[in-house]
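What follows is the residue order along each chain.
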Amino acid sequence: MYVDAGESSTAGAHRLSYLTIDEQKSTLELCVKFMKSPPHPEALLLAMLQLCSRLTRNHDLASLFIRLGGLEVLLQMPLLADSNSRLSRHTGFTGIAFSTVILRHVIEDPITLEASMSAAIKNSSSPRNGGKISAKNFLTSLAGVLHRDPTIFLKATTSTCRLVSGSNISIAAVEPSVPTLSKESDAANTTEAAIKALLDSLQAPTSTTTAAEDTSNKKEVFKTLPKSGILQLLTDFVCSYLACAECILNYDGSDIIECIIKQFNTPLNQEAGRDEQHACNVGSSKLFVALCVRSPSRVTSLIVGAFRPRVCILID
Amino acid sequence: MALLLRLLDSVESSTVETKPDGSVTEKFPKWLPTVLLTLDSLAQLPLTEPIAQEGSAGKFEGREVC
């Protein structure tokens, strides 16, 4: 049986699916409901995350995932192995990979996705050939991008490339236009929700604990995504998507720039957690640099605003 | 499809188990991951042409499908 359920939607991920859009919505609702009831067996945990990562390819369903409270549940899920080894290391890392994919899908609304695809298309052609690339190489190198959403890929290709005649058919990349998100749009809201959830969990008290039962082997364990992982994710998002830097800089939980600068200035302890602390220091400096590259004037004004009172006191 | 979703619905209504001391535990059947992965397979974008479409039922890539 073949079901074409996506006639009214712009996203292509569900249009050639054997599930109708209503069935996908029901499945996602049930899946998030299961996610809210830990603890989960390993196989169930991975199956839930895999299914959610598949369904959230459609941005309407990604928005539904946020409305159902899926983001908060996702960031609080016990993904890495604890001292009792209820979850294997493999499950933990696979779970984190699926979580990253889901977060990317939440941010990748059709406009952002088209902009990312345009950038990928532009990068696929070599400047040595005058921005030209053969059709075969074009499709080979961008197969993964095409598979993400064929409809949006076609739009991005139409706006970015043009066919030129010659000895063989080639595609010349032209300058893509930068799309802007209106603040009231659903797309802007989903990006903001994802960034806010990540920053909230970054500023939450640390989720590391030590194994109380096994005092002889006191090692660091993580119950959820580690802070260094969250910093890495934020850096990737800032580099990949235009709207993310603004969302981070507009975060109203606290002064985020001050928090990042404090983070990479934190001295390393000699005790357990040194590796994670080092990863956090490196991650926060990378995030700071990425923010400076994306929005230099805004970062400068925030730094001046955050540190000027102290500078004045020192001068006095 | 409806059967699979009905199965998931039945899990939803039977997961909560109240113990005599009042505590509530969640129980998931062992077949639940299999059902979820089946739905995942059904939800993904097929890379080939559909087996049967309107007007071409019974044929796939020019061959008869039994």
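Now for a look at the structure at hand.

Each value, and the rule that gives it
Residues numbered from 1 in each chain as written. Chains lettered and ligands numbered in written order. Predicted model: local features only at pLDDT ≥ 70, side-chain atom pairs only at ≥ 80, totals over all residues. Heavy atoms only, no water. Helix = DSSP H or I, 4+ residues; strand = E, 2+ residues; numbered from the N terminus. Buried < 20%, exposed > 50% of the residue type's maximum accessible area, 1.4 Å probe, protein only. Contact = heavy atoms within 4.5 Å. Areas by Shrake-Rupley, 256 points an atom, 1.4 Å probe, with all protein chains shown as cover. Phe/Tyr/Trp six-rings, centres within 6.5 Å; stacked < 30°, edge-to-face > 60°. Arc of directions from axis to C-beta. 1 Å grid on protein atoms, 1.4 Å probe; cavity = no way out; pocket = protein on both sides within 12 Å on 5 of 7 lines; lining within 4 Å. Points joined across faces, edges and corners; volume = space filled by probe spheres on them. Nonpolar A, V, L, I, M, F, W, Y, C, P; charged D, E, K, R; others polar. Salt bridge = Lys/Arg side-chain N within 4 Å of Asp/Glu carboxyl O.

### Quick word on the overall build of chain B
The helix and strand tally for chain B stands at two helices and four strands. Counting from the amino terminus, helix and strand elements in chain B follow one another as α-β-β-α-β-β. Looking at the 66 residues of chain B, the share that counts as buried comes to 24%. A separation threshold of at least 6 residues defines the contact pool for chain B, and within that pool the share at least 24 residues apart is 30%. Accessible surface, chain B: about 4,700 Å² in total, of which carbon and sulfur atoms supply 56%.

### Points about the packing of aromatic side chains
Residue and element names in this part refer to chain A. Applying the stated rule across the entire model yields three aromatic pairs over all chains. Ring plane angle 35° and centroid distance 6.1 Å describe the contact between F138 and F153, whose orientation is recorded as tilted. Taken together, the positions of F138 in helix α7 (residues 135-141) and F153 in helix α9 (residues 150-160) put the pair 15 residues apart, joining distant regions of the chain. Neither F138 nor F153 differs from the other in exposure class; each is buried. Both rings, one in F237 and one in Y241, keep their centres 6.0 Å apart while their planes meet at 45°; by these two values the pair is tilted. Take F237 and Y241: they sit in the same class, and that class is buried.

### What about α9(A)?
Residues and elements named next belong to chain A. Every buried residue belonging to α9 is among I152, F153, A156, T157 and T160, and all of these are buried. The arc enclosing the buried residues of α9, seen along the axis, measures out at 140°, which places them on a common side. Facing away from the buried side of α9 by over 90 degrees, the exposed positions are L154 and T158.

### Observations regarding empty space enclosed by the protein
One pass over the structure, following the stated rule, counts two cavities of 30 Å³ or more. There is about 40 Å³ of room inside the second largest cavity. Looking at the lining of the second largest cavity residue by residue, the classes come out as four nonpolar, one polar and five charged.

### Topic: the pattern of salt bridges
All names here are of chain A. Applying the stated criterion across every chain yields a total of four salt bridges over all chains. For E108, the salt bridge is made with R148, and the minimal N-O distance between the two is 2.9 Å. Taken together, the residues E108 in the loop between α5 (89-107) and α6 (110-124) and R148 in helix α8 (residues 143-148) connect sequence positions 40 residues apart. The class of R148 is buried, set by a relative accessible area of 11%. One salt bridge connects D200 with K196, and the closest N-O pair in it is separated by 3.1 Å. One end of the pair is D200 and the other is K196, both in helix α10 (residues 186-203) and four residues apart, which spans about a single turn.

### What to know about the environment of A:Q76
Tracing the backbone through its elements, the reader meets A:Q76 in helix α4 (residues 70-76). Taking the relative accessible area as the measure of exposure, A:Q76 reaches 60% and is therefore exposed.

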